[in-house]
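# Inside the fold
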Amino acid sequence: MTTGSAAADLIVLFAAAFGAATILPFQSEIVFGAVQAEGAIALWLVVVVASVGNTLGSVVNYLMGLWAERFRDRRWFPATPAQLDRAQRWYARWGVWSLLLSWAPFADALTVAAGVMRTPWWLFLALVSVAKTGRYLILAGLLSGVLPGPEGAPVAPGGHAAPEAAPAERPPD
């Protein structure tokens, strides 16, 4: 991902990570992988920017949840009443610890439910931060080959298993 500057790449990454955590249909993994593969920015900074953006996107969901009861039947509300009810039931059953799944695609509703259920702010922020940062640390490890991908193969930046090295040629006898 070459936008011309590291700062611009980080802004795009932050926006993608932020959007991916909200109810908007964003995917941050592609942008994360592109910025990481470029290698122009320290990996720790890529992880921090993506984690902060993704966590703040979930904070927006939490804040929406604080006001959800007031607006849940409005046409513009991002979750249907059925989606919100399902998230509240899940949250009531599994409790605050379900926020450790806030990295998963379906979990945007859980972060809204955390607001509806009036989860203490500090606890919400702590659990979601751990989950979101863990997600990007694992993704960084997979893309860099530090962690093995499926069937033990390292994952290349495009998300596919890295090709195996060609066997060394034997010198002629």
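Per chain, residue numbering runs from 1 following the sequence as it is written. Local features in this predicted model are restricted to residues whose pLDDT is 70 or higher, and side-chain atom pairs enter the listing and the counts only when it is 80 or higher, whereas totals over whole chains, interfaces and linings include all residues. To obtain the side-chain values, all non-hydrogen atoms of the structure were used and water was disregarded.

### As for the nonpolar core
Take the buried residues of types Ala, Val, Leu, Ile, Met, Phe, Trp, Tyr and Cys, join any two whose side-chain atoms come within 4.5 Å, and each joined set is a nonpolar core. Here the term buried applies to any residue with accessible area under 20% of the maximum for its type, exposed to any over 50%, and partly exposed to those in between, with areas from a 1.4 Å probe on protein chains only. Leu 13, Phe 32, Val 46, Ala 50 and Tyr 136 are the most contacted members of the largest nonpolar core, which has 16 residues in total. The helix and strand labels rest on DSSP assignments: H or I over at least four residues marks a helix, E over at least two residues marks a strand, and numbering proceeds from the N terminus. Broken down by secondary-structure element, the contributors of at least two residues to this core are helix H1 (6–21), helix H2 (28–38), helix H3 (43–66) and helix H7 (121–144). By definition, residues are in contact when any of their heavy atoms lie within 4.5 Å. Leave out the neighbours within four places in its chain, and Ala 50 touches Leu 13, Ala 17, Phe 32 and Tyr 136. Residues Val 59, Tyr 91, Leu 123 and Leu 127 belong to the second largest nonpolar core, which totals 12 residues.

### Some remarks on the pattern of salt bridges
Put simply, a salt bridge is a Lys or Arg side-chain nitrogen that is within 4 Å of an Asp or Glu carboxyl oxygen. Inspection of every chain in the model, using the stated rule, returns one salt bridge. Here Arg 135 and Glu 29 are joined by a salt bridge, their closest N and O atoms 2.0 Å apart. In this pair, Arg 135 is assigned in helix H7 and Glu 29 in helix H2, connecting sequence segments 106 residues apart. Since its relative accessible area comes to 25%, Glu 29 is described here as partly exposed.

### Structural notes on the side chain of Ser 58
Tracing the sequence through the fold places Ser 58 in helix H3. For Ser 58, a relative accessible area of 1% puts it in the buried group. If we ignore the near neighbours within four places in the chain, the residues touching Ser 58 are Ala 21, Thr 111, Phe 124, Val 128 and Lys 132.

### Brief notes about H2
For an α-helix the count is 3.6 residues per turn, leaving residues at separations of three or four pointing the same way. Every buried residue of H2 is listed here: Ser 28, Val 31, Phe 32, Gly 33, Val 35 and Gln 36. Where the residues of H2 are buried, they touch H1, H3 and H7. Count one or two residues on from H2 and you reach Gly 39, which has phi positive near 75 degrees.

### With respect to the packing of aromatic side chains
Whether two aromatic rings pair depends on their centres lying within 6.5 Å, for rings of Phe, Tyr and Trp, where Trp uses its six-membered ring; planes under 30 degrees apart make the pair stacked, over 60 edge-to-face, and the rest tilted. Taken as a whole, this structure holds five aromatic pairs when the rule is applied. Here the aromatic cluster, defined as three or more aromatic residues joined through ring pairs, consists of Tyr 62, Trp 121 and Phe 124.

### As for the environment of Glu 69
Within the secondary structure, Glu 69 is located in helix H4 (residues 68–71). Along the sequence, Glu 69 and Pro 81 sit 12 residues apart, while their C-alpha atoms lie 9.9 Å from each other. Once residues within four sequence positions are removed from consideration, Glu 69 is found in contact with Gln 88 and Val 116.

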